[in-house]
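So the chains spell out like this:
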Amino acid sequence: MAMKYMDEFRDAELGRALAGKILGAVEPGRHYKLMEVCGGHTHSIYKYGIDDLLPENVELVHGPGCPVCVIPMGRVDDGIAMATQNDIIFTCFGDMMRVPGSERTLTEAKAEGADIRMVYSPLDALRLAKENPDRQVVFFAIGFETTAPSTALTLKRARAEGVGNFTCMCNHVTIVPPLRALLDSPDLRLDGFIGPGHVSTVVGCRPFEFIPKDYGRPVVVAGFEPLDILHAIRMILAQLGEGRCEVENQYSRVVPYDGNPAALKVMSEVFELRPHFEWRGLGFISQSALKLSEAYAELDAEKRFGVPGVRVADPKACQCGEVLKGVIKPYECKVFGTACTPEHAIGTCMVSPEGACAAYYNYGRFAREKELV
Amino acid sequence: MRVVRIDADRELALCEADEAGERATVEIALVQPVADGDRLLVHAGTAIAHDRSEVPAWR
């Protein structure tokens, strides 16, 4: 039964019909620049060729919503420094293992002898801690508000079950501050946003209301299937055409407008905002990341083991920062597809499938070549 | 993912992926109440929302 619904969200006939409606909604001579905030959307757009279905004057630019992409080199180095301490089992998600630090990746550190293990969830890391009571197990937590509840629940479970050898190095980030930073940036003129569907299941749509209110740009929170994204684009264009500007929820089958109160509650118990956090390419952004609250300080790996905390500049050749801000397209980066590929990534945007560079590379977008609808 | 079986005491569920058919243990504490057969949006082993995909928004 589930496949029936899945097929319907990928129906080519319906897709062409929506593309026709988008074509009918654009004003000739006007250029529309829409940002999809979430890396999951970027991946779907190129996987399904959605870009090719859009009129020439509708441009999609890619936002900072890929959690792996925004981790700065210094934090990778901090993770490696922790992972190479004796007796530590260092755990992280698979994509994170290939993110370059200043000298090496976690995968390379593992090859040199560090006990670094890939996990699918923080719960897997907690299980490792229970199975290895004589070792310290650290979970390197990354992700936006989508993933933070999972980390928070696991930390609560660790404490409730008295698992004393489990800690978390927290790199969770929040989505609203970088969006505000982008909107304040003089480099970028945007006409509207495809809002992040999965983050919104947790935070809801209300946190994005500042975008129409303060910046006069429409937001449509969208799902990840091809017809979801086309539908969201049509909804944004409809707002622009009708002179409306508000937050709309295209993904209402999953996203409640007020989010998930239980998830928000557990996050507020376990985490608190960091005063500042460095984002790759975006620099330091105030109150844009989470750390463990004082109530959970004993489970904070940074407090238990310490980290060097040295800031590392991105490689000069890498233009991930400009890609993450939507200022350039991935194929405009000097090293895209040559020195930087998914197999040998220089920048983070080439590592995760949700990264814009990886999406362009994997789906053959080496230049802007569009077929007219 | 679709809920196959629930461990109510531990607030965990055995869930099956729609397309691949792979099964995994999922935290369901944040989306209660949950029943067998429900479809859940799961991130990093934790369900964060119910998925009511029978209602496409463009209808």
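The structure presented is a predicted model; accordingly, all values stated were derived computationally and were not measured.

Description of the nonpolar core
In step 1: With 131 residues, the main nonpolar core has Phe166, Ile233 and Phe271 of chain A as its most contacted residues.
In step 2: When residues in this core are grouped by element, the largest group, nine residues, is from helix 12 (residues 226-242) of chain A.
In step 3: Sequence-distant contacts of Phe166 of chain A, that is, excluding residues within four places in its chain, are made with Pro122, Ala125, Leu126, Ala129, Val137, Phe139, Thr154, Leu155, Ala158, Leu299 and Arg304 of chain A.
In step 4: One finds Cys15, Val31, Val34 and Ala47 of chain B within the second-largest nonpolar core, a separate group that totals nine residues.

Considerations on the packing of helix 8 (residues 148-160) of chain A against helix 13 (residues 261-270) of chain A
The axes of two packed helices give the description: the angle between them and the distance between them.
All names here are of chain A.
In step 1: Interhelical geometry of helix 8 versus helix 13 gives an angle of 60° and a closest axis separation of 9 Å. What the angle tells us is that helix 8 and helix 13 run oblique. Seen from above, helix 8 lies across helix 13 with left-handed handedness. Every residue of helix 13 that contacts helix 8 at Ala148, Pro149, Ala152, Leu153, Leu155 and Lys156 is listed here: Ala263, Val266, Met267, Glu269 and Val270.
In step 2: For the contact of helix 8 with helix 13, the residue count by class is nine nonpolar, no polar and two charged.

Concerning the side chain of Thr167 of chain A
All names here are of chain A.
In step 1: For Thr167, the location among the structural elements is in strand 6 (residues 166-172).
In step 2: For Thr167, a relative accessible area of 0% corresponds to the buried category.
In step 3: With sequence-adjacent residues up to four places away left out, Thr167 is seen in contact with Val137, Val138, Phe139, Glu298, Leu299, Asp300, Ala301, Arg304 and Phe305.

Looking at the side chain of Arg75 of chain A
Residues and elements named next belong to chain A.
In step 1: Relative to the elements of secondary structure, Arg75 occurs in helix 5 (residues 73-83).
In step 2: Relative accessible area serves as the criterion here: at 10%, Arg75 is assigned to the buried category.
In step 3: Here Arg75 is in contact with Phe140, Met169, Cys170, Asn171, Arg274, Phe277 and Glu302, once residues within four sequence places are set aside.

So, the packing of helix 2 (residues 12-25) of chain A against helix 12 of chain A
Residue and element names in this part refer to chain A.
In step 1: Their axes nearest at 9 Å, the elements helix 2 and helix 12 cross at an angle of 20°. One finds that helix 2 runs roughly parallel with respect to helix 12. The handedness of the crossing between helix 2 and helix 12 comes out as left-handed. Listed contacts from helix 12 to Leu14, Gly15, Leu18, Lys21, Ile22 and Ala25 of helix 2 are Leu227, Leu230, His231, Ile233, Arg234 and Leu237.
In step 2: Within the contact of helix 2 with helix 12, the residues separate by chemical class into eight nonpolar, two polar and two charged.

Details of the environment of Leu230 of chain A
Residues and elements named next belong to chain A.
In step 1: Looking at where Leu230 falls in the secondary structure, it is placed in helix 12.
In step 2: We classify Leu230 as buried; its relative accessible area is 1%.
In step 3: Once the C-alpha coordinates of Leu230 and Leu54 are considered, the two residues, 176 residues apart in sequence, prove to be 8.7 Å apart.
In step 4: Leu230 has contacts with Gly15, Leu18, Ile22, Ile50, Leu53 and Leu54, leaving out every residue within four places of it along the chain.

Criteria and cut-off values
- Residues numbered from 1 in each chain as written.
- Chains lettered and ligands numbered in written order.
- Predicted model: local features only at pLDDT ≥ 70, side-chain atom pairs only at ≥ 80, totals over all residues.
- Heavy atoms only, no water.
- Core = buried A, V, L, I, M, F, W, Y, C linked by side-chain atoms within 4.5 Å.
- Buried < 20%, exposed > 50% of the residue type's maximum accessible area, 1.4 Å probe, protein only.
- Helix = DSSP H or I, 4+ residues; strand = E, 2+ residues; numbered from the N terminus.
- Contact = heavy atoms within 4.5 Å.
- Axes fitted to C-alpha atoms, helices over the stretch in contact; angles between N-to-C directions.
- Parallel < 35°, antiparallel > 145°, perpendicular 65-115°, else oblique.
- Left-handed = near helix turned anticlockwise from the far one by under 90°.
- Nonpolar A, V, L, I, M, F, W, Y, C, P; charged D, E, K, R; others polar.

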